[in-house]
Amino acid sequence: MDVNGTVAEGFEPVRDAFARNFEQLGDRGAAVAVYRDGHRVVDLWGGARDFDGTAAAAPWERGTAQIVRSATKGVAAAVPLLLHQRGELDLDAPVGEYWPEFKAAGKDRTLVRQLLAHRAGVPVLDRPLTPAEAADPDAGAAAVAAQAPVWEPGTDHGYHAQTFSWLTGELVRRVTGRSIGEWIADEIAGPAGADLWLGLPAAERARVGRVGPVGAPETAGALRTRPKRAVSEAYADPGSLTRRAFGAISPLPDENDPGYRAAVLPASNGIATADGLARFYASLIGEVDGGRRLFTPETVELARAEQSAGPDRVLVISTRFGLGHMLHGSASPLLSPASFGHPGRGGALGFADPESGVAFGYVTNGFRKSVTADPRAQALVRAVRTALS
């Protein structure tokens with residue numbers, strides 16, 4: 001497999017790990033980008049643009065973008081933090097102050113910070129939404145507003161895998177009058193110069209490759225992991241919070257459908273290049289190639305402050321969350337305990353590490369069964385750690 005792109009001196013371990021992902025871990029098309037102190041030090045890509053194609057027919061190019069699934073949550077989480085930074089959103093106010101309908105069914109005391117930290121108690125919907133309903137912001141907002149919590153808000157945490165879309169999307173719309181996708185385009189992606197979208201414009205469709213499932217590689221050198229029995233049972237049980245949370249949209253949308261990609265679902269359907277994802281995180285923690293910094297130092301500290309930790313009622317493993325971002329831990333190892341970001345189920349990963357000045361983005365077109373710690377992304381994170389040592 002030919003690996004294209006460049007690495008700065010000292011970051012050669014990342015190139016080696018990226019090549020091994022194709023040779024040993026089953027990558028078909030992917031890209032990785034790393035910034036340090038606002039300068040790009042890794043910019044690599046390779047393979048086929050489409051998971052079911054060949055590199056000879058349609059190679060991955062530097063500007064190729066892919067859907068990043070739940071790595072979208074990390075981008076979306078920056079919006080309420082920026083609104084708080086600007087004095088437009090009080091994290092300790094009840095959600096109902098901004099969104100009165102959300103007070104229904106015992107949620108009147110749910111705080112904004114609890115909603116962002118997966119503590120709101122509404123990771124499931126009693127009636128799942130169809131893909132068309134999920135793409136309708138009014139229908140999604142009405143569904144989560146009417147939903148009774150499955151635990152008392154604020155008393156526990158569990159990953160709001162799909163409902164995070166309508167929770168954050170409607171909160172932002174009530175505060176700003178704009179969709180969260182429009183806000184990201186105008187206030188984040190544009191100023192940062194980052195190729196990422198929540199609601200893909202028609203003009204960018206040709207840049208996006210097809211995604212799909214890929215199995216674990218059969219090579220002797222491949223990393224094989226088996227989920228714990230409790231986790232396997234939770235995913236197998238149709239009545240579990242795990243299955244119901246991931247099944248809040250049913251049937252599952254076609255991620256290659258242009259209509260789905262044009263929708264605004266901040267939990268799951270953001271689209272980015274690896275460079276766009278890394279550049280976004282670099283812009284949160286510092287100036288990027290002379291560009292404007294997005295987070296103040298105080299907001300960076302807020303982003304990486306732990307809000308939820310311990311056994312996750314949905315993922316059935318121990319997780320750590322800040323105000324929407326996933327934090328470094330056993331479930332999703334990032335670069336260091338200072339890191340904040342978000343993985344995408346089955347592949348993508350983006351994060352910032354303010355102590356080292358590193359920002360990271362990895363995107364792929366082949367999704368594995370991993371949820372929070374894909375072996376290919378983790379191999380690249382370890383390589384970055386080696387390069388810094």
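The notes below deal with the structure included here.

Parameters at a glance
Residues numbered from 1 in each chain as written. Predicted model: local features only at pLDDT ≥ 70, side-chain atom pairs only at ≥ 80, totals over all residues. Heavy atoms only, no water. Helix = DSSP H or I, 4+ residues; strand = E, 2+ residues; numbered from the N terminus. Rg over C-alpha atoms; globule rule 2.2 N^0.38 Å. Buried < 20%, exposed > 50% of the residue type's maximum accessible area, 1.4 Å probe, protein only. Pairing = 2+ DSSP bridges. Phe/Tyr/Trp six-rings, centres within 6.5 Å; stacked < 30°, edge-to-face > 60°. Axes fitted to C-alpha atoms, helices over the stretch in contact; angles between N-to-C directions. Parallel < 35°, antiparallel > 145°, perpendicular 65-115°, else oblique. Left-handed = near helix turned anticlockwise from the far one by under 90°. Contact = heavy atoms within 4.5 Å. Nonpolar A, V, L, I, M, F, W, Y, C, P; charged D, E, K, R; others polar. 1 Å grid on protein atoms, 1.4 Å probe; cavity = no way out; pocket = protein on both sides within 12 Å on 5 of 7 lines; lining within 4 Å. Points joined across faces, edges and corners; volume = space filled by probe spheres on them. Salt bridge = Lys/Arg side-chain N within 4 Å of Asp/Glu carboxyl O. Polar contact = N/O pair within 3.5 Å; in protein donor to acceptor, adjacent residues only side chain to side chain. Core = buried A, V, L, I, M, F, W, Y, C linked by side-chain atoms within 4.5 Å.

**Examining the overall build of the chain**
At step 1: Along its length, the chain carries 13 helices and 14 strands.
At step 2: Whereas a compact globule of 389 residues would reach a radius of gyration of roughly 21 Å, the chain reaches 19 Å, a difference of no more than 12%.
At step 3: The dimensions of the chain, computed from C-alpha atoms along their principal axes, are 55 × 45 × 40 Å.
At step 4: Here the chain holds 389 residues, and 57% of them are scored as buried.

**A closer look at the pairing of strand β9 (residues 318–321)**
At step 1: The two faces of β9 differ: Thr319 and Phe321 on one face are buried, but Ser318 and Arg320 on the other face are not.
At step 2: Bridge analysis of strand β8 (residues 308–311) against β9 gives four bridges, and the strand direction is antiparallel. From the neighbouring strand, alanine 309 faces β9, where its bridge partner is arginine 320.
At step 3: Counting the residues in the hairpin turn of β8 and β9 gives six residues, including valine 316, whose phi is positive at 60°.

**Topic: the packing of aromatic side chains**
Each aromatic ring pair is characterised by the separation of its centres together with the angle its planes make.
At step 1: Applying the stated criterion across every chain yields a total of eight aromatic pairs.
At step 2: For the ring pair tryptophan 99 and phenylalanine 102, a centre distance of 5.0 Å and an interplane angle of 40° mean the geometry is tilted.
At step 3: Note on tryptophan 99: relative accessible area 1%, which makes it buried.
At step 4: Classification of phenylalanine 102 as buried rests on a relative accessible area of 0%.

**Topic: the packing of helix α1 (residues 12–24) against helix α13 (residues 375–388)**
Two numbers describe a pair of packed helices, the interaxial angle and the distance between the axes.
At step 1: Packing of α1 against α13 leaves a shortest axis separation of 8 Å and a crossing angle of 165°. Judged by the angle between their axes, α1 and α13 are roughly antiparallel. Crossing of α1 against α13: the hand is right-handed. Taking contact as the criterion, the partners of Pro13, Val14, Ala17, Phe18 and Asn21 in α1 are, on α13, Arg376, Ala379, Leu380, Ala383, Val384 and Thr386.
At step 2: Residues that form the contact of α1 with α13 fall into these classes: eight nonpolar, two polar and one charged.

**Topic: the environment of valine 68**
At step 1: Considering the arrangement of structural elements, one finds valine 68 in the loop between β4 (66–67) and α2 (71–85).
At step 2: Once the C-alpha coordinates of valine 68 and leucine 196 are considered, the two residues, 128 residues apart in sequence, prove to be 9.8 Å apart.
At step 3: Filtering out sequence-adjacent residues up to four positions away, valine 68 remains in contact with Gly270, Ala272, Gly344, Ala348 and Val363.

**A look at the sheet that holds β4**
At step 1: The sheet built from three strands is open, its strands ordered β4-β7-β5 with antiparallel pairing. Each edge of the sheet is formed by a strand with only one pairing partner; in this case those strands are β4 and β5 (196–197).
At step 2: Bridge analysis of β4 against strand β7 (residues 271–272) gives two bridges, and the strand direction is antiparallel. The residue bridging glutamine 66 from the neighbouring strand is alanine 272, located in β7.

**Here's the deal with empty space enclosed by the protein**
At step 1: All told, the structure shown has four cavities of 30 Å³ or more when counted by the stated rule.
At step 2: Here the largest cavity defines a volume of roughly 80 Å³.
At step 3: Around the largest cavity sit Val68, Thr72, Val75, Ile184, Leu196, Trp197, Leu198, Gly270, Ile271, Ala272 and Leu277, which together line it.
At step 4: When residues of the lining of the largest cavity are traced back to their parent elements, those giving at least two are α2, β5 and β7.

**Details of the pattern of salt bridges**
At step 1: According to the stated counting rule, one finds 25 salt bridges in the structure shown.
At step 2: Notably, a salt bridge pairs arginine 49 with aspartate 50, separated by 3.5 Å at the nearest N-O pair.
At step 3: For arginine 49, a relative accessible area of 24% translates into the label partly exposed.
At step 4: Salt-bridge contacts for glutamate 170 lead to arginine 173; the nearest nitrogen and oxygen are separated by 2.7 Å. Separated by three residues within a single helix, glutamate 170 and arginine 173 lie in helix α6 (residues 164–176), roughly one turn from each other.

**Here we look at helix α5 (residues 137–146)**
At step 1: Along α5, the residues classified as buried are Gly140, Ala141, Ala143, Val144 and Ala145.
At step 2: Between the side-chain oxygen at the start of α5 and the backbone nitrogen of aspartate 138 there is a gap of 2.9 Å, and the oxygen is on aspartate 136.

**A short note on the nonpolar core**
At step 1: Within the largest apolar cluster, 79 residues are counted, with the highest numbers of intra-cluster contacts made by Ile188, Phe280, Leu284, Phe295 and Phe340.
At step 2: Here phenylalanine 295 is in contact with Ala78, Leu81, Leu82, Gln85, Ser283, Leu284, Val300, Ala303 and Phe340, once residues within four sequence places are set aside.
At step 3: Judged by nonpolar contacts, the second largest core, of 27 residues, contains Leu44, Leu349, Phe360 and Tyr362.

**Description of the side chain of glutamine 114**
At step 1: Along the chain, the position of glutamine 114 falls in helix α3 (residues 112–116).
At step 2: Accessibility expressed as a relative area gives 16% for glutamine 114, which makes it buried.
At step 3: Each residue touching glutamine 114, except ones within four places of it in the same chain, is listed here: Arg109, Arg119, Ala120, Pro153 and Gly154.

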